[in-house]
Amino acid sequence: MTDAKREHWDAVYRTKAADSVSWYQPTPEPSLRALDALQLPVATSLIDVGGGASSLVDRLVERGWSDLTVLDIAAPALDVAKARLGDEAARIAWVIADVTVWRPERRYDVWHDRAVFHFLTEPEQRLAYRRALEAGTSPGSIVIIATFAPDGPERCSGLPVQRYDAAALATAFSSAFTLEREWRQDHTTPGGGRQPFQWCVFRKR
Ligand SMILES: C[S@@+](CC[C@H](N)C(=O)[O-])C[C@H]1O[C@@H](n2cnc3c(N)ncnc32)[C@H](O)[C@@H]1O
């Protein structure tokens, strides 16, 4: 399963320009706004799970954040981000892994996931994700998660997705996380399409 998933995502990043994929954002505005609202110190540790080629870490490095990790199943995605960052890439920890089999070796203050959890359409995949999430966070850690909303697309990158409203995400993470904020956001794809996202901020109990 992991091999097929990795091959899918490797092929996406090998064959498409990073700024042409449907999830591309010139600036990761919703994530930055969510972090701004939390007023976190720059020493806060953050992992961008399924971060792909996102420029979230670029923007955080510019702001002085010093403990950043990007995890993705697709090495070519991380290669795009590293090439873009140049020398600054050395300031970031890069992890090539399937989050559903990954065993975190440390805990993070912030776990950020934009458009990754929604690919887990089987209960056992979601359980495996939650195991990694619980092992990779501490009481007080923040989880920022964005999935397609109930009126969002049924597929992303050719794969089926599970769509969520805030109540459904809160239920999915209710074992250890308390919902603090939620909002909807319309993402505009590079092709001009509209994709409604559901965002949630949780804190670990
Ligand atoms: C829709 S893209 C979103 C990328 C990035 N979060 C963003 O907002 O630009 C989904 C990303 O999740 C990665 N991914 C998918 N399944 C994964 C898994 N099981 N473990 C780790 N990464 C995964 C893909 O390689 C891809 O980079």
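Data block above holds the structure.
Quick look at the structure, then. (Residues numbered from 1 in each chain as written. Predicted model: local features only at pLDDT ≥ 70, side-chain atom pairs only at ≥ 80, totals over all residues. Heavy atoms only, no water.)

**Observations regarding the site of the ligand**
Working step 1: Taken together, the neighbourhood of the ligand is formed by 19 residues, with Y13, G50, D72, D98 and R114 sitting nearest.
Working step 2: Residue D72 places a side-chain N or O atom 2.6 Å away from an oxygen atom belonging to the ligand.
Working step 3: Here a nitrogen atom of the ligand sits 2.9 Å away from a polar atom, N or O, in the side chain of D98.
Working step 4: Relative to its free-state accessible area of 590 Å², the ligand is covered by the protein chains to the extent of 97%. (Near = heavy atom within 4 Å. Polar contact = N/O pair within 3.5 Å; in protein donor to acceptor, adjacent residues only side chain to side chain. Areas by Shrake-Rupley, 256 points an atom, 1.4 Å probe, with all protein chains shown as cover.)

**Some details on the packing of aromatic side chains**
Working step 1: Applying the stated criterion across every chain yields a total of 13 aromatic pairs.
Working step 2: On the basis of an interplanar angle of 40° and a centroid distance of 6.2 Å, the ring pair of W102 and W111 is categorised as tilted. Just as W102 is buried, W111 falls in that class too.
Working step 3: Note on F117 and Y164: the rings are 5.5 Å apart at their centroids and 35° apart in plane angle, and the pair reads as tilted. (Phe/Tyr/Trp six-rings, centres within 6.5 Å; stacked < 30°, edge-to-face > 60°. Buried < 20%, exposed > 50% of the residue type's maximum accessible area, 1.4 Å probe, protein only.)

**Comments concerning helix α2 (residues 29-38)**
Given 3.6 residues per turn, any residue in an α-helix points the same way as the ones three and four places further on.
Working step 1: Looking only at α2, the buried set comprises P30, S31, L32, A34 and L35.
Working step 2: Packed against the buried residues of α2 are β1 (45-49), α3 (56-62), β4 (108-114), β5 (137-148), β8 (177-188) and β9 (194-204). (Helix = DSSP H or I, 4+ residues; strand = E, 2+ residues; numbered from the N terminus. Contact = heavy atoms within 4.5 Å.)

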